[in-house]
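The lines below spell out each chain.
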Amino acid sequence: MNIADQKKRAGEKALDFIADGMLVGLGTGSTAEYFVHALAARVKQGLAIETTATSLRTAELARELGIVVKELDAFSRLHVTVDGADEVDPAFRLIKGGGGALLREKIVAAASDEMIVIVDEAKLVTTLGRFALPVEVVPFGLSHTLRKIEGAALAAGCTSHDARLRRLDSGQPFQTDGGHLIVDCACSAIPRPEELAQLLNAIPGVVDHGLFIGLASKVIVGRAGDADILPG
Ligand code: 5RP
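Focus: the packing of aromatic side chains
- Tallied over the entire structure, the rule returns 0 aromatic pairs.
- The positively charged end of arginine 166 is found above the aromatic ring belonging to phenylalanine 174, 5.4 Å away from the centroid.

Here it is, written out as structure tokens:
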């Protein structure tokens, strides 16, 4: 079964946890988009929910499909956020930010009673770090921030520590919805994610990073024939 089918299965399975009256956070990325499509079909059939989005891209898609999307501040709390991930370890620690939306994704997940993560099988890892860790930074003093990010990865015992500015195919720096930049730090393996998260949080030019720890409550993995819900 191909990866796209696995993502679709996972996105559709997440609908089992959405009910009338819920306030729902919509994630970003191709897997989250499958969820948004499936949700829109249910909304057309009469499902009554309210939503907010983790990116301008997702908000646009959801609106095109007929889902009403509000600002996060319209809600004091969300019932659930459904989002993808770049890596998931057995403790439900995540790497996110492949799509560059990690800051809003983390804010929305933290405002939710539950974060449901939807992934294909290839995202499951025993140790985080094969996927370069996205770190959102401010443009001012970029080279200093890059060196500090590499220092943090080294101090946290990562196997490698090579931080690079994310660029578009045009060569221009990638810009987040909040006008920040993304640095991708190749770590190879992150043996102590909590320690790395703390070290990154302490760097002045870092806005946030793609380590999501203690946020995911459920992981749905798309597989051939169905989708599995991993025991938390
Ligand atoms: C965006 C993300 C995505 O959820 C993550 O990159 C997974 O993307 P996809 O579902 O396309 O594989 O964190 O910032």
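Focus on the site of the ligand
- What surrounds the ligand is a group of 17 residues, the closest being Ser30, Thr31, Asp86, Gly97 and Lys123.
- The backbone of threonine 28 places a nitrogen or oxygen atom 2.9 Å from an oxygen atom of the ligand.
- The contact in question runs from an oxygen atom of the ligand to an N or O atom on the side chain of serine 30, over 2.5 Å.
- In isolation the ligand has 380 Å² of accessible area, and contact with the protein removes 91% of it.
- In terms of residue class, the shell around the ligand is built from 2 nonpolar, 9 polar and 6 charged.

Examining the environment of alanine 224
- Within the element layout of this structure, alanine 224 appears in the loop between strand 13 (216–223) and strand 14 (226–230).
- For alanine 224, a relative accessible area of 63% corresponds to the exposed category.
- Spatially, the C-alpha atom of alanine 224 lies 8.6 Å from that of asparagine 2, the residues being 222 residues apart in sequence.

Some points on the sheet that holds strand 4 (residues 78–83)
- Ordered by their spatial adjacency, 7 strands build an open sheet running 3-2-1-4-7-13-14, and the pairing between neighbours is mixed. The open sheet is flanked by strand 3 (69–70) and strand 14, the only strands paired with a single partner.
- The pairing of strand 2 (residues 50–53) with strand 3 spans 2 bridges and is classified as parallel. Directly across from threonine 51, in strand 3, lies its bridge partner valine 69.
- Relative to the sheet, helix 1 (residues 3–13) contacts strand 7 (112–120), strand 13 and strand 14, its axis offset from that of strand 13 by approximately 135°.

Side note on the side chain of threonine 52
- Mapped onto the fold, threonine 52 is located in strand 2.
- Accessibility expressed as a relative area gives 2% for threonine 52, which makes it buried.
- A distance of 2.8 Å separates a polar side-chain atom of threonine 52 from the backbone oxygen of lysine 70.
- Non-local contacts of threonine 52, meaning those with residues more than four positions away in its chain, are made with Val24, Gly25, Leu26, Val69, Lys70, Glu71, Leu72, Phe75, Leu78 and Val108.

Notes on helix 1
- Those residues of helix 1 that fall on the buried side of the exposure criterion are Gln6, Lys7, Ala10, Gly11 and Lys13. Summarising the axial view, the buried residues of helix 1 lie within an arc of 165°, below the 170-degree limit, and thus occupy one face.
- Of the surrounding secondary structure, the elements contacted by the buried residues of helix 1 are helix 2 (30–44), strand 7, strand 13 and strand 14.
- Of the residues flanking the start of helix 1, the one acting as N-cap is asparagine 2, its side-chain oxygen 3.1 Å from the backbone nitrogen of alanine 4.

Topic: the pattern of salt bridges
- One pass over the structure, following the stated rule, counts 17 salt bridges.
- Close ionic contact of aspartate 89 with arginine 93 constitutes a salt bridge, the shortest N to O distance being 2.7 Å.
- Residue aspartate 89 is classed as buried on the basis of its relative accessible area, which comes to 3%.
- Ionic pairing is found between arginine 93 and glutamate 194, a salt bridge with its closest N-O pair at 3.0 Å. Separated by 101 residues along the polypeptide, arginine 93 in the loop between strand 5 (87–88) and strand 6 (94–95) and glutamate 194 in helix 6 (residues 193–201) bring together distant segments of the chain.
- One salt-bridge network, held together by shared partners, links Asp83, Lys96 and Glu105.

Details of the state of the cysteines
- Using the criterion set out here, one finds 0 disulfides in the structure.
- Cysteine cysteine 187 remains unbridged, with the sulfur of cysteine 185 as its closest cysteine sulfur at 3.9 Å.
- A residue is classified by how much of its surface remains accessible, and cysteine 187, at 1% relative accessible area, is buried.

Focus: the domain arrangement of the chain
- Under the domain assignment used here, the chain contains domain 1 (3–125 + 213–224) and domain 2 (133–206).
- Measuring from the centre of the C-alpha atoms in domain 1 to the corresponding centre in domain 2 gives 24 Å.
- With 13 residues of domain 1 at the contact, the number on the domain 2 side is 15 residues.
- Across the domain 1 to domain 2 interface the summed buried area is about 990 Å²; carbon plus sulfur atoms make up 60%.
- In this structure, the connection of domain 1 to domain 2 is made through 1 salt bridge.
- The tally of links from domain 1 across to domain 2 stands at 5 residue pairs in polar contact (both at pLDDT 80 or more).
- The greatest single-element share of the side of domain 1 that touches domain 2, amounting to 3 residues, is contributed by helix 4 (residues 102–110).

What counts and what doesn't
Residues numbered from 1 in each chain as written. Predicted model: local features only at pLDDT ≥ 70, side-chain atom pairs only at ≥ 80, totals over all residues. Heavy atoms only, no water. Phe/Tyr/Trp six-rings, centres within 6.5 Å; stacked < 30°, edge-to-face > 60°. Lys NZ or Arg CZ within 6 Å of the ring centre and 35° of its normal. Near = heavy atom within 4 Å. Polar contact = N/O pair within 3.5 Å; in protein donor to acceptor, adjacent residues only side chain to side chain. Areas by Shrake-Rupley, 256 points an atom, 1.4 Å probe, with all protein chains shown as cover. Nonpolar A, V, L, I, M, F, W, Y, C, P; charged D, E, K, R; others polar. Helix = DSSP H or I, 4+ residues; strand = E, 2+ residues; numbered from the N terminus. Buried < 20%, exposed > 50% of the residue type's maximum accessible area, 1.4 Å probe, protein only. Pairing = 2+ DSSP bridges. Contact = heavy atoms within 4.5 Å. Axes fitted to C-alpha atoms, helices over the stretch in contact; angles between N-to-C directions. Arc of directions from axis to C-beta. Salt bridge = Lys/Arg side-chain N within 4 Å of Asp/Glu carboxyl O. Disulfide = S-S within 2.5 Å. Domains from an automatic or database assignment. Buried area = accessible area lost by both parts, 1.4 Å probe.

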